[in-house]
Amino acid sequence: AVNVFTGQPNAARIVNKEGSERNEFLNMLDKFEKGDIWLLDRGLDGRRVWENIERQGQFFINRVRSQGGGTFLAVKKLVQSGKLETIHQYKLKDQKSSLKIRFIRGRKLKDGTYLILATNLLDKKRYPRKQILKLYQRRWQVETHYYRAKTLLNLPKFHARTINGIKQELYANLLILSITSLAVLRARQVQRSDKSLPNFKNAVEVVRRNLFYIIGTGQSRARSHQQALRMTQEIAQIVCQIQPGRSSPRYSRQAVNRWCFAKKDKIDRFKRTGKCGT
């Protein structure tokens, strides 16, 4: 479970290949508070999941299929009608209570289908359709987290050979990701720019170099605080340009530094003169 606003992993469950992602998700619900909102991709949809979230006093925005096998009948009717949203009521197994689900139609996708979201945020005035669609776009932060865990930290390459050792490595890497995400968030506040982001790969290395000296040397809180501030400043020095015109925020992983600017100058010079000199 990843906080889509900070990029921090909030909780994790580890099972073997026989485990069920859906079951582990349901076992994770009680770790969170009433009023929390889950942004869920396809594969975690269904009345069983929605009923359990509702029982915890939590909310969800869940992408569902818009056509094909397993598509909800209410979704098919929504697409056929051309409406933007509808509310459908489902009877639960006990036949004494019901569950209201609000289905929202989003943009048309490249394959001709529609983005359809299911949610228990029923109040249309308090939770407008456009705001729900905008919030769901932040779920891409979860995919970004998976990418960072697998590539930047080489998460699948374990050094341990025991179950407990592997769990320690997984949670240690998640801790580094959490601390780095906080440091990058702070660096963005210091930087105050909407056109660039701190380079996350560089941020991971900065955190690795400084973490031991901040929390592992027994130094005073004041000195640790000063070192954390220097770490934030170091992270803010190397940034990447945000790529404009994206439906979801993405940015170039190429750092903006002197070498990049020199490369741009060489390209511009070649366009003007046809010569590639230094």
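Residues numbered from 1 in each chain as written. Predicted model: local features only at pLDDT ≥ 70, side-chain atom pairs only at ≥ 80, totals over all residues. Heavy atoms only, no water.

J.: What is the right way to look at the overall build of the protein in this model?
T.: Along the protein, the regular secondary structure elements total nine helices and seven strands. Counting only residues that meet the buried cut, the protein has 36% of its 278 residues in that class. Here the contacts in the protein between residues at least 6 apart in sequence split such that 48% fall between residues at least 24 apart. A total accessible area of about 18,400 Å² is found for the protein, and carbon and sulfur atoms account for 50% of it. (Helix = DSSP H or I, 4+ residues; strand = E, 2+ residues; numbered from the N terminus. Buried < 20%, exposed > 50% of the residue type's maximum accessible area, 1.4 Å probe, protein only. Contact = heavy atoms within 4.5 Å. Areas by Shrake-Rupley, 256 points an atom, 1.4 Å probe, with all protein chains shown as cover.)

J.: How should I be thinking about the sheet that holds strand 1 (residues 37-40) in this particular structure?
T.: In a beta sheet, neighbouring strands are held together by backbone hydrogen bonds and run either parallel or antiparallel to one another. As summarised here, the arrangement of the five strands in space is 1-2-5-4-3, forming an open sheet in which the pairing is mixed. Two strands lie at the open edges of the sheet, namely strand 1 and strand 3 (85-91), each paired on one side alone. Averaged over all adjacent pairs, the angle separating strand axes in this sheet is 25°, with direction ignored. One ladder, built from four bridges, connects strand 1 with strand 2 (residues 59-64); its direction is parallel. Within the sheet, the bridge partner assigned to Leu40 lies in strand 2 and is Asn62. Sheet strands in contact with helix 2 (residues 47-55) are strand 1, strand 2, strand 3, strand 4 (98-108) and strand 5 (114-119), and its direction is about 115° off that of strand 4. (Pairing = 2+ DSSP bridges. Axes fitted to C-alpha atoms, helices over the stretch in contact; angles between N-to-C directions.)

J.: Looking at this structure, how should I read the layout of surface pockets?
T.: Empty pockets left among the atoms are what a rolling probe the size of a water molecule brings to light. Put simply, the largest pocket is a space of about 1,500 Å³. Surrounding the largest pocket, 43 residues form its lining, Ala1, Val2, Ala11, Val142 and Tyr146 being those nearest its centre. Among the elements of the structure, helix 1 (21-28), strand 1, helix 5 (140-152) and helix 6 (163-191) are those that each provide at least two residues to the lining of the largest pocket. Counting residues per element, the lining of the largest pocket draws most heavily on helix 5, which supplies six residues. The class makeup of the residues in the lining of the largest pocket is 26 nonpolar, seven polar and 10 charged. (1 Å grid on protein atoms, 1.4 Å probe; cavity = no way out; pocket = protein on both sides within 12 Å on 5 of 7 lines; lining within 4 Å. Points joined across faces, edges and corners; volume = space filled by probe spheres on them. Nonpolar A, V, L, I, M, F, W, Y, C, P; charged D, E, K, R; others polar.)

J.: Any chance you could explain the side chain of Asn202 here in plain terms?
T.: Here Asn202 lies in helix 7 (residues 200-215). With residues up to four places along the chain from it excluded, the contact list for Asn202 reads Glu234, Ile235 and Ile238.

J.: Just checking my understanding: could you explain the pattern of salt bridges for this structure?
T.: Opposite charge on two side chains makes pairing possible when the charged atoms of those side chains draw close. Evaluation of the coordinates by the stated rule reveals eight salt bridges. Ionic pairing is found between Arg209 and Glu234, a salt bridge with its closest N-O pair at 2.4 Å. Taken together, the residues span a long stretch of sequence, with Arg209 in helix 7 and Glu234 in helix 8 (residues 221-237) at a distance of 25 residues. The network of salt bridges with common partners includes Asp41, Arg139 and Glu143. (Salt bridge = Lys/Arg side-chain N within 4 Å of Asp/Glu carboxyl O.)

J.: I keep staring at the packing of helix 6 against helix 7 and nothing clicks. Help me out?
T.: Between two packed helices, what matters for the description is the angle formed by their axes and the separation of those axes. Running from N to C, helix 6 and helix 7 point in directions that differ by 110°, and their axes come no closer than 9 Å. The orientation of helix 6 with respect to helix 7, classified from their angle, is roughly perpendicular. Facing helix 6, whose interface residues are Asn173, Ile176, Leu177, Ile179, Thr180, Ser181, Ala183 and Val184, helix 7 presents Phe200, Ala203, Val204, Val207, Arg208 and Leu211. Looking at the contact of helix 6 with helix 7 residue by residue, the class counts come to 10 nonpolar, three polar and one charged. (Parallel < 35°, antiparallel > 145°, perpendicular 65-115°, else oblique.)

J.: Explain the packing of helix 7 against helix 8 here, please?
T.: Between helix 7 and helix 8, the shortest axis-to-axis distance is 10 Å and the interhelical angle comes to 170°. If you check the angle between helix 7 and helix 8, you find them roughly antiparallel. Contact residues: helix 7 offers Asn202, Ala203, Val206, Val207, Arg209, Asn210, Tyr213 and Ile214, while helix 8 offers Ser224, Gln227, Ala228, Met231, Glu234 and Ile235.

J.: I keep staring at the nonpolar core and nothing clicks. Help me out?
T.: What tends to happen in soluble globular proteins is that the nonpolar side chains get buried as a cluster. With 24 residues, the main nonpolar core has Phe25, Trp38, Trp50, Ile53, Ile101 and Phe103 as its most contacted residues. Secondary structure elements with two or more residues in this core: helix 1, strand 1, helix 2, strand 2, helix 3 (73-81), strand 4 and strand 5. In contact with Ile101, other than residues within four places in its own chain, are Trp50, Phe60, Thr86, Ile87, His88, Tyr90, Ala118, Thr119 and Leu122. (Core = buried A, V, L, I, M, F, W, Y, C linked by side-chain atoms within 4.5 Å.)

J.: Can you walk me through the packing of aromatic side chains in this structure?
T.: The description of an aromatic ring pair uses the distance of the two centres, along with the angle that the planes make with each other. Going through the model one piece at a time under the given rule, you end up with seven aromatic pairs. Here a set of aromatic residues connected by ring pairs shows up, and it is made of Trp50, Phe60, Phe72, Tyr90 and Phe103. Above the plane of the ring of Tyr114 lies Arg105, whose end atom (NZ or CZ) is 4.9 Å from the centre. Above the ring of Phe200, the side-chain terminus of Arg148 is found at 3.6 Å from the ring centroid. (Phe/Tyr/Trp six-rings, centres within 6.5 Å; stacked < 30°, edge-to-face > 60°. Lys NZ or Arg CZ within 6 Å of the ring centre and 35° of its normal.)

J.: Honestly, the side chain of Arg129 in this entry has me stumped. Any pointers?
T.: As for its placement among the helices and strands, Arg129 is situated in helix 4 (residues 129-136). One buried charged side chain, Arg129, makes no salt bridge at all; its nearest oppositely charged neighbour is Glu85, positioned 5.2 Å away. Contact partners of Arg129, with chain neighbours within four places excluded, come to Leu84, Glu85, Arg102, Ile104, Arg105 and Gly106. (Lys, Arg positive; Asp, Glu negative; His and termini not counted.)

J.: Please clarify how the pairing of strand 2 should be interpreted in this entry.
T.: Along any regular strand, the residues point their side chains to alternate faces of the sheet. For strand 2, a buried count of five out of six residues is recorded, marking the element as mostly surrounded by other parts of the structure. Note that the unit made of strand 1, helix 2 and strand 2 has a crossover that is right-handed. (Right-handed = clockwise from strand over helix to strand, strands pointing away.)

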